[in-house]
Amino acid sequence: MNKEEIQSKLEGIALKRTIAFCYHDYIECPNGRCPKCGSDDLMRLLPSYGCEYGLNWVIKEILRSELEPVNLADSFESSIRDCYPEDTQVAWAKFDTVSILKELDPISWECAQGDWESMEESEGNIISFDCGSNYYQMSELEDFLEESEQAS
C-alpha cells in the first residue's frame, strides 16, 4: 500500500469520525451545509476533542490515539545490537559496543541513526504524516486500516 492510498483511507476514517460543524452558528451540520446560514465552509468536529478546518489534524489525533509512534532511538540501537557483537574488546577490557559508539562519537552515532531512519522510510518499514516528527510502523498502520475497514 503506498502513501497516497494510506492517506486516502485515513481521510475516510477521519470523515467518519467527525461531524461537519458551522463555527459561525456553533452548530453541528451533518448534512454538509449549515441549516441556519447555509454555509458549506464548515469545520470538522471530533467529539470530545475539538473542531478545526481540514482533516490533517484529525488524522494526527487518530494516529496518536490508535497507534504507538516508533521510538527511533531504541529501534536504531536494537538494529545496531543485531548487527554487531554485544561486547568490544579494547586491550584487556570488554565494553558494550553500542555504549562505546554513543559516548565516543555521538555525532557519528546521530548521523548513522539519521541514515538508518531514511533507509527504513524509503524501504517502507516506517511512515510519517507530519514531516518526520512521528513515525509509525507500516505493518501496524496497515493492520489498523484493515481493522477500521472491517468495522465499517
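Let us look at the structure shown here. (Residues numbered from 1 in each chain as written. Predicted model: local features only at pLDDT ≥ 70, side-chain atom pairs only at ≥ 80, totals over all residues. Heavy atoms only, no water.)

### Observations regarding the state of the cysteines
Our working rule: Cysteine sulfur atoms that pair up within 2.5 Å are treated as a disulfide. Relative accessibility decides the category of a residue: with a 1.4 Å probe and only protein chains considered, values under 20% of the type maximum give buried, values over 50% give exposed, and everything between is partly exposed.
Counted under the stated rule, the structure contains 0 disulfides. No disulfide involves Cys 37; its sulfur sits 3.6 Å from the nearest other cysteine sulfur, which is in Cys 34. Given a relative accessible area of 39%, Cys 37 falls into the partly exposed group. The thiol sulfur of Cys 51 is not disulfide-bonded, and the nearest other cysteine sulfur, from Cys 22, lies at 10 Å.

### Some remarks on the pattern of salt bridges
We count it as follows: For salt bridges, the criterion is a side-chain nitrogen of Lys or Arg within 4 Å of an Asp or Glu carboxyl oxygen.
Applying the stated criterion across every chain yields a total of 7 salt bridges. We note a salt bridge from Asp 40 to Arg 33, for which the minimum N-O separation is 3.8 Å. On the basis of relative accessibility, which here comes to 47%, the residue Arg 33 falls in the partly exposed class. Ionic contacts of the salt-bridge type, sharing partners, join the residues Glu 77, Arg 81, Asp 96 and Lys 102 into one network.

### With respect to the pairing of strand β6 (residues 93-96)
Selection rule: Here a strand pair is declared whenever DSSP counts at least two bridges between the two strands. The helix count covers DSSP runs of H or I at least four residues long, the strand count covers runs of E at least two residues long, and both are numbered beginning at the N terminus.
Alignment of strand β5 (residues 87-90) against β6, held across 4 bridges, turns out to be antiparallel. Along β6, the bridge assignment pairs Asp 87 with Asp 96. In this antiparallel pair of consecutive strands, β5 and β6, the connection spans 2 residues, and Ala 91 shows a positive phi of 60°.

### Quick word on the packing of aromatic side chains
Within a pair of aromatic rings, the relevant descriptors are the distance that separates the centres and the angle that separates the planes. Note the threshold: Each pair of aromatic rings taken from Phe, Tyr and Trp, with Trp reduced to its six-membered ring, is defined by centres within 6.5 Å and is described as stacked if the planes are under 30 degrees apart, edge-to-face if over 60, and tilted in the remaining cases. The criterion is that NZ of a Lys, or CZ of an Arg, lies within 6 Å of the ring centre and within 35 degrees of the ring normal, and then a charge sits over that ring.
Following the criterion strictly, the structure yields 5 aromatic pairs and no others. Here Phe 21 and Tyr 26 contribute two aromatic rings whose centre-to-centre distance is 5.0 Å and whose plane-to-plane angle is 85°, an arrangement assigned as edge-to-face. Given the relative accessible area of 6%, Phe 21 is considered buried. Consider the rings of Tyr 23 and Tyr 26, whose centres lie 5.6 Å apart with planes at 65°: the pair is edge-to-face. Judged by relative accessible area, Tyr 26 falls into the exposed class, the value being 56%. Through successive ring pairs, a cluster of aromatic residues spans Phe 21, Tyr 23 and Tyr 26. For Lys 3, the ring lying beneath its charged end belongs to Phe 129, and the centroid distance is 5.5 Å.

### Description of helix α3 (residues 72-83)
The cut-off we apply is this: Residue count minus one, scaled by 1.5 Å, sets the expected span of a helix. The arc under discussion is defined with respect to the helix axis, by the directions toward the C-beta atoms. Throughout, a residue-residue contact means that at least one pair of heavy atoms, one from each residue, lies within 4.5 Å. Any pair of N or O atoms that falls within 3.5 Å is considered a polar contact. Within protein, one atom must be able to donate a hydrogen and the other to accept it, and sequence-neighbouring residues count only if both atoms are side-chain atoms.
Counted at 1.5 Å a residue, the expected span for α3 with its 12 residues is 16 Å, and the 17 Å between its end C-alpha atoms agrees. Listed in full, the buried residues belonging to α3 are Leu 72, Phe 76, Glu 77 and Ile 80. Down the axis of α3, the buried side of the element spans an arc of 130°, and every buried residue falls inside it. The inward-facing, buried residues of α3 abut α4 (97-104), α5 (106-122) and β7 (126-127). Where α3 begins, one side-chain oxygen reaches toward the backbone nitrogen of Ala 73, 3.3 Å away; that side chain belongs to Asn 71.

Read these as spatial facts, not as claims about activity.
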